[in-house]
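# Tertiary structure, described
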Amino acid sequence: MGAFLPLAAAVANDRGATIATSQPLIWQFVGYPFEAGPMIATLCACLAVRFYVQQTGREEHRWTVDLPVTCLVLMFSAAAVIRLRPDPALALMIGTGLGALGAGIISIALGWVRRNLPGGETPTPPAAPKPDEDNAAGIGRALRSLDVPPNP
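Here's a quick rundown of the structure. All values reported here derive from a predicted model rather than from experimental measurement.

Thresholds applied
- Residues numbered from 1 in each chain as written.
- Predicted model: local features only at pLDDT ≥ 70, side-chain atom pairs only at ≥ 80, totals over all residues.
- Heavy atoms only, no water.
- 1 Å grid on protein atoms, 1.4 Å probe; cavity = no way out; pocket = protein on both sides within 12 Å on 5 of 7 lines; lining within 4 Å.
- Points joined across faces, edges and corners; volume = space filled by probe spheres on them.
- Nonpolar A, V, L, I, M, F, W, Y, C, P; charged D, E, K, R; others polar.
- Salt bridge = Lys/Arg side-chain N within 4 Å of Asp/Glu carboxyl O.
- Helix = DSSP H or I, 4+ residues; strand = E, 2+ residues; numbered from the N terminus.
- Buried < 20%, exposed > 50% of the residue type's maximum accessible area, 1.4 Å probe, protein only.
- Core = buried A, V, L, I, M, F, W, Y, C linked by side-chain atoms within 4.5 Å.
- Contact = heavy atoms within 4.5 Å.

Counting across every chain of the model gives 1 cavity of 30 Å³ or more. Here the largest cavity defines a volume of roughly 30 Å³. Forming the boundary of the largest cavity are Phe34, Glu35, Pro38, Val81, Arg85 and Pro86. In terms of residue class, the lining of the largest cavity is made up of 4 nonpolar, no polar and 2 charged.

Next comes the structure, spelled out in structure tokens:
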């Protein structure tokens, strides 16, 4: 799953002693590098929240509905880590927040598509044709004639 950076590098100080420094573990997914720690933190937090949500709804066969939402939320969480490269604490918040959002991601994405992609906006109803001046005057006269009582 990707290239690994060295876990420790030796650095010499002015007294000749070496100091070991650690580097984060970098994984890659389809060519995108990311740190392993934040990705694991995000996905675990997201799964924990989705499991909690599933347990609070005691309906039978809930996983058949919740499983696609959980997969979608996990993909969004992984994409956020790849894009933002957060530290582990922020990664936990991303996973928890997106896991709690759940199916709300679908409506947010739908709104984004409608705003940003051509043809995605909801069609507006056509405007009513405006009558010309003579037609409007004729309709007004006909309506006023209805209010006049007939002569005996």
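According to the stated counting rule, one finds 1 salt bridge in the structure shown. One salt bridge in this structure joins Arg50 and Asp66, with 2.3 Å as the shortest N-O distance. Of the two residues, Arg50 is situated in helix α1 (residues 36-56) and Asp66 in helix α2 (residues 62-84); the sequence distance between them amounts to 16 residues. Summarising the burial analysis for this pair, Arg50 and Asp66 share the class buried.

Before going further, it helps to spend a moment on the nonpolar core. Counting residues in each nonpolar core, the largest one holds 7 residues, listed as Cys46, Val69, Val73, Ala80, Ile94, Leu98 and Ile105. Elements with a minimum of two residues in this core: α2 and α3 (88-101). Per element, the largest residue contribution to this core is 3 residues, and it comes from α2. Sequence-distant contacts of Ile94, that is, excluding residues within four places in its chain, are made with Thr42, Ala80, Leu84 and Pro86. Listed in part, the 6 residues of the second largest apolar core include Trp27, Phe34, Met39 and Ala78.

The values are spatial; any link to function lies outside them.
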